[in-house]
Amino acid sequence: MLGTIIQQTFNALTIGSIYALIALGYTMVYGVLRMINFAHGEMFMLGAYAAFLGLSLVIGNVGGAGAFALTMAFFAAVVVVGLIGVAIERLAYKPLRNSNRLAPMLSSLGVSLSLVTAVQILAGPQPVAFPGFFPATRMNVLGGTVTLVQIGILIAAFVLMFALYALVNRSRAGIIVRAVSESRQTAQLLGINVNLAISLVFFSGPLLGAAGGILYASYYGIMSPTMGAVIGLKAFTAAILGGIGSIPGAMLGAFILAFVEVAGTALLPIVSGGLLGTEYRDVLAFAILILVLLVRPAGILGEPISEESMVYKREF
């Protein structure tokens, strides 16, 4: 019994850390621009494809990549996807900043569909085997099975989350981003480069999403052009659950969602007498989204936003 609990806990922590990396991108964009970037799930997908392409171009045999090549591919891919995020913001979102809130949201949906279609045309619509970025060594921990892949993902994810926390709360760039989040108009009057702050958000958010995509593909050993759709919606659910716009809330919501998913997957067949299987785990995520929107729309750590404050935030 104890071994099962330990094993399922590590499963939930692994999945939750991946959700957290993606949810942070949603919450950062919303915190600064009050915009839901529906193309963010595709940054998750692009991370896996960019890393795979980098390995293919450099060493050819992706399956035989060494630790150094895998590490370089990881960092190169997340940086490239971060730059793609900045380019998308400049081309698809910046011209719509003065429009109503629906326009950039629709633009993000268009970007999402365009990216998925482009990858399907260039790489094919079929799933592709993805190399493991960590050794598949198994360890016995008090009767539960834990793999080095899980430990590697947890370490990588927590390092990235800590780096984001330090950037936002302990650096000059973070102060600028937080100032722009409070009021773009006031920040401009104080001489802050608003465009630079927004570009930083659209670089770091997709970078984290791409890292999540690489870790996810490495964990499950497969990638596909549509992999960002469901995972992106789950991460969005996690961001709402924790409080959209709150960085600690996004991380908290991600881990809560992962634990609910893992526990529900294990208990559903037992409770339903085998009628409901593990394929219903996605239903749990979206049921939580509906419940949160009904009970506490602002999320666990989020702050309610009035219509007056939304009007004030809609600046030029």
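Analysis parameters
Residues numbered from 1 in each chain as written. Predicted model: local features only at pLDDT ≥ 70, side-chain atom pairs only at ≥ 80, totals over all residues. Heavy atoms only, no water. Helix = DSSP H or I, 4+ residues; strand = E, 2+ residues; numbered from the N terminus. Contact = heavy atoms within 4.5 Å. Areas by Shrake-Rupley, 256 points an atom, 1.4 Å probe, with all protein chains shown as cover. Phe/Tyr/Trp six-rings, centres within 6.5 Å; stacked < 30°, edge-to-face > 60°. Buried < 20%, exposed > 50% of the residue type's maximum accessible area, 1.4 Å probe, protein only. Pairing = 2+ DSSP bridges. Core = buried A, V, L, I, M, F, W, Y, C linked by side-chain atoms within 4.5 Å. pLDDT = per-residue confidence, 0-100. Salt bridge = Lys/Arg side-chain N within 4 Å of Asp/Glu carboxyl O. Patch = residues over 30% accessible without salt bridge, like charges linked within 9 Å, V, L, I, M, F, W, Y side chains within 5 Å. Axes fitted to C-alpha atoms, helices over the stretch in contact; angles between N-to-C directions. Left-handed = near helix turned anticlockwise from the far one by under 90°. Nonpolar A, V, L, I, M, F, W, Y, C, P; charged D, E, K, R; others polar. Expected span 1.5 Å × (residues − 1). Polar contact = N/O pair within 3.5 Å; in protein donor to acceptor, adjacent residues only side chain to side chain.

(A) Geometry of the overall build of the protein. For the protein, the count of helices and strands is 12 helices and four strands. Considering only intrachain contacts with a sequence separation of at least 6, the fraction spanning at least 24 residues in the protein is 77%. Roughly 15,000 Å² of accessible area belongs to the protein as shown, and the carbon and sulfur atoms make up 70% of that amount.

(B) How the structure looks around unusual backbone geometry. Unlike most non-glycine residues, Arg34 shows phi in positive territory, near 55 degrees. Along the polypeptide, Arg34 turns up in the loop between helix H1 (2-33) and helix H2 (40-59).

(C) View of the packing of aromatic side chains. One pass over the full model with this rule turns up 10 aromatic pairs. A ring pair is formed by Phe52 and Phe130, whose centres lie 6.4 Å apart and whose planes are at 35 degrees; its orientation type is tilted. In this pair, Phe52 is assigned in helix H2 and Phe130 in the loop between strand S1 (128-129) and strand S2 (138-141), connecting sequence segments 78 residues apart. Each of the two residues, Phe52 as well as Phe130, counts as buried. Ring geometry for Tyr93 and Phe202: centres 5.6 Å apart, planes at 45 degrees, overall tilted. Within this pair, whereas Tyr93 is found in helix H3 (residues 67-93), its partner Phe202 is found in helix H8 (residues 194-220), the two being separated by 109 residues in sequence. A relative accessible area of 3% means that Tyr93 is categorised as buried. The class of Phe202 is buried, set by a relative accessible area of 2%. Connected via pairs of aromatic rings, a cluster forms that spans Phe44, Tyr216, Tyr219 and Tyr220.

(D) Looking closely at the pairing of strand S3 (residues 144-147). As judged from the four bridges shared by S2 and S3, these two strands associate in the antiparallel manner. Along S3, the bridge assignment pairs Met139 with Val146. The antiparallel pairing of S2 with S3 creates a hairpin that spans two residues between the two strands, and Leu142 there sits at a positive phi of about 50 degrees.

(E) Seen up close, the nonpolar core. Counting 88 residues, the largest nonpolar core has Phe130 and Met223 as the members making the most contacts within it. Top element by residues in this core is H1. It accounts for 15 residues.

(F) Quick peek at the confidence of the model for the protein. Looking at the protein, pLDDT values average 86 and 90% of them are 70 or higher. For the protein, per-element mean pLDDT is lowest for helix H12 (residues 307-313), which scores 43, and highest for H8, which scores 94. Note that pLDDT drops below 50 for residues 306-316; the model gives that stretch 20 contacts with residues more than four away or on any other chain.

(G) Quick look at the pattern of salt bridges. For the structure on display, the rule yields three salt bridges. The closest approach of N and O atoms between Arg90 and Glu89, which form a salt bridge, is 3.7 Å. Relative accessible area serves as the criterion here: at 38%, Arg90 is assigned to the partly exposed category. The exposure class assigned to Glu89 is buried, which follows from its relative accessible area of 0%. Each of Glu89, Arg90 and Arg97 takes part in a single network of salt bridges with overlapping partners.

(H) Here's a closer look at a nonpolar patch on the surface. On the surface, Leu252, Ile256, Val260, Ile300 and Leu301 cluster together into a nonpolar patch covering about 350 Å² of accessible area. Judged by relative accessible area, Ile256 falls into the partly exposed class, the value being 32%.

(I) How the structure looks around the packing of helix H9 (residues 227-242) against helix H11 (residues 281-295). Look at H9 against H11: their axes get within 10 Å of each other, and the N-to-C directions meet at 35 degrees. In this structure, the crossing between H9 and H11 has a hand that is left-handed. Counted together, Val230, Leu233, Lys234, Thr237, Ile240 and Leu241 of H9 and Arg281, Asp282, Ala285, Phe286, Ile288, Leu289, Val292 and Leu293 of H11 form the full contact between these two elements. Looking at the contact of H9 with H11 residue by residue, the class counts come to 10 nonpolar, one polar and three charged.

(J) Local environment of H1. For H1, built from 32 residues, the straight-helix expectation of 46 Å at 1.5 Å per residue is met to within 8% by its first-to-last C-alpha distance of 45 Å. Positive phi appears at Arg34, one or two residues downstream of H1, with a value of about 55 degrees.

(K) Seen up close, the side chain of Glu261. Within the element layout of this structure, Glu261 appears in helix H10 (residues 247-271). Within the structure, the side chain of Glu261 is placed 3.1 Å from the side chain of Tyr19, a separation counted as a polar contact. Every residue in contact with Glu261, bar those within four places of it in the chain, is listed here: Tyr19, Lys234, Arg281, Leu284 and Ala285.

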